[in-house]
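Listed below, chain by chain, are the residues.
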Amino acid sequence: VVENYMTVIVQGNYFQALGNSLLVSIPTILAVSLIGASAAWAFGRSRSKGLQFAFYVIALSMLLPPTLIPTIFLLRQMALDGTTLGYILVLIGTRMGVVVFLATGFVRSMPVDLEDAAAIDGASRFQVFVRIILPLLAPVLFVGSVILIITVWGDFFFAQFLIPGAGRETLPLSLYSFANSSAQSLRWNLVFAHVVMSGLPLVLAFLFAQKRVVGGLTEGALKG
């Protein structure tokens, strides 16, 4: 059994693929959380019909599958086709709806008194967002991040078309390449070992996040 995992590490370029997955996942989750929180604040506080329409469009993006050909065309126009940055930008755009949907409902249930009091004390809009809105949104943003890490970490569809090349392979692409590396037959013992190692970071993240998610939601409920 140990030999299977060692073979995956050596021949499957596991650590390189793990680094690439972390390089994609961490900026994506941070960007989606921050941008989604600021957008949710605007959607939750504004009564503009235009912003409400934009909210429904973003929320609808969770159900509608993104189109691949226009995405590749746009990335080529921006000279980002085949780059990790282009792939991250696509993930940010396609995963934004989850955080916006969750956080907007949370913002609408928050009292405006704290924001008004901070504005009276001379706080700018940016200071209100950083010091009041973000701490209050921390529980729902953490829950959204758990959902995001599952979808971003396991993304194969976009990764296959947007980041070709062995040097930029994430763990799902590395698993696919490793499974097809044998010309004679599929080595299931090595494939399953790769599956276990690919899912191990998610299991560790879940064990770490489980108590924080429950504790954060409980704290938010008690404060509310």
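Fair warning: this is a prediction, and the values are worked out from it, not measured in the lab.

Digging into the overall build of the protein chain
Alright, step 1. Helix and strand content of the protein chain: ten helices and zero strands.
Alright, step 2. Along the protein chain, from the amino end to the carboxyl end, the secondary structure elements read α-α-α-α-α-α-α-α-α-α.
Alright, step 3. If one aligns the C-alpha atoms of the protein chain with their principal axes, the spans along those axes are about 70 × 45 × 30 Å.
Alright, step 4. Partitioning the contacts of the protein chain with sequence separation of at least 6, the portion at a separation of at least 24 is 77%.
Alright, step 5. Accessible area for the protein chain stands at about 13,000 Å²; split by element, carbon and sulfur atoms hold 70% of it.
Alright, step 6. Charge centroids of the protein chain, computed over 13 positive and 9 negative side chains, lie 4 Å from each other.

Observations concerning the packing of helix α3 (residues 49–60) against helix α5 (residues 84–108)
Alright, step 1. α5 packs onto α3 with a crossing angle of 135° between their chain directions and a minimal axis gap of 8 Å. One finds that α3 runs oblique with respect to α5. Seen from α3, the contacting residues are Gln52, Phe55, Ile58 and Ala59; seen from α5, they are Met96, Gly97, Val100, Phe101, Thr104 and Arg108.
Alright, step 2. Of the residues that constitute the contact of α3 with α5, the class distribution is six nonpolar, three polar and one charged.

Description of the side chain of glutamate 169
Alright, step 1. Among the structural elements, glutamate 169 can be located in the loop between α8 (157–162) and α9 (171–179).
Alright, step 2. Buried charged residue glutamate 169 carries no salt bridge. Nearest counter-charge: arginine 168, at 10 Å.
Alright, step 3. A distance of 2.7 Å separates a polar atom in the side chain of glutamate 169 from a polar atom in the side chain of serine 177.
Alright, step 4. Leaving out residues up to four positions away in the same chain, glutamate 169 has contacts with Gln16, Ala17, Asn20, Ser174 and Ser177.

Structural notes on unusual backbone geometry
Alright, step 1. You will see that alanine 79, though not glycine, has its phi angle at about 60°, which is positive.
Alright, step 2. Here alanine 79 is to be found in the loop between α4 (68–77) and α5.

Regarding a nonpolar patch on the surface
Alright, step 1. A cluster of nonpolar side chains, Leu60, Met62, Leu63, Leu64 and Phe101, forms an exposed patch at the surface whose accessible area comes to about 520 Å².
Alright, step 2. Take leucine 60: it is sitting in helix α3.
Alright, step 3. Residue leucine 60 is classed as partly exposed on the basis of its relative accessible area, which comes to 43%.

With respect to the packing of aromatic side chains
Alright, step 1. In total, this model carries seven aromatic pairs according to the counting rule given.
Alright, step 2. For the ring pair tyrosine 14 and phenylalanine 15, a centre distance of 5.5 Å and an interplane angle of 70° mean the geometry is edge-to-face.
Alright, step 3. For phenylalanine 15, a relative accessible area of 55% translates into the label exposed.
Alright, step 4. When the centroid spacing of 5.4 Å and the interplanar angle of 75° are considered together, the rings of phenylalanine 157 and phenylalanine 158 count as edge-to-face.
Alright, step 5. For phenylalanine 157, a relative accessible area of 42% corresponds to the partly exposed category.
Alright, step 6. The class of phenylalanine 158 is buried, set by a relative accessible area of 3%.

Definitions and cut-offs
- Residues numbered from 1 in each chain as written.
- Predicted model: local features only at pLDDT ≥ 70, side-chain atom pairs only at ≥ 80, totals over all residues.
- Heavy atoms only, no water.
- Helix = DSSP H or I, 4+ residues; strand = E, 2+ residues; numbered from the N terminus.
- Contact = heavy atoms within 4.5 Å.
- Areas by Shrake-Rupley, 256 points an atom, 1.4 Å probe, with all protein chains shown as cover.
- Lys, Arg positive; Asp, Glu negative; His and termini not counted.
- Charge placed at Lys NZ, Arg CZ, Asp CG, Glu CD.
- Axes fitted to C-alpha atoms, helices over the stretch in contact; angles between N-to-C directions.
- Parallel < 35°, antiparallel > 145°, perpendicular 65-115°, else oblique.
- Nonpolar A, V, L, I, M, F, W, Y, C, P; charged D, E, K, R; others polar.
- Buried < 20%, exposed > 50% of the residue type's maximum accessible area, 1.4 Å probe, protein only.
- Salt bridge = Lys/Arg side-chain N within 4 Å of Asp/Glu carboxyl O.
- Polar contact = N/O pair within 3.5 Å; in protein donor to acceptor, adjacent residues only side chain to side chain.
- Patch = residues over 30% accessible without salt bridge, like charges linked within 9 Å, V, L, I, M, F, W, Y side chains within 5 Å.
- Phe/Tyr/Trp six-rings, centres within 6.5 Å; stacked < 30°, edge-to-face > 60°.

Read these as layout, nothing more, since geometry by itself doesn't imply function.
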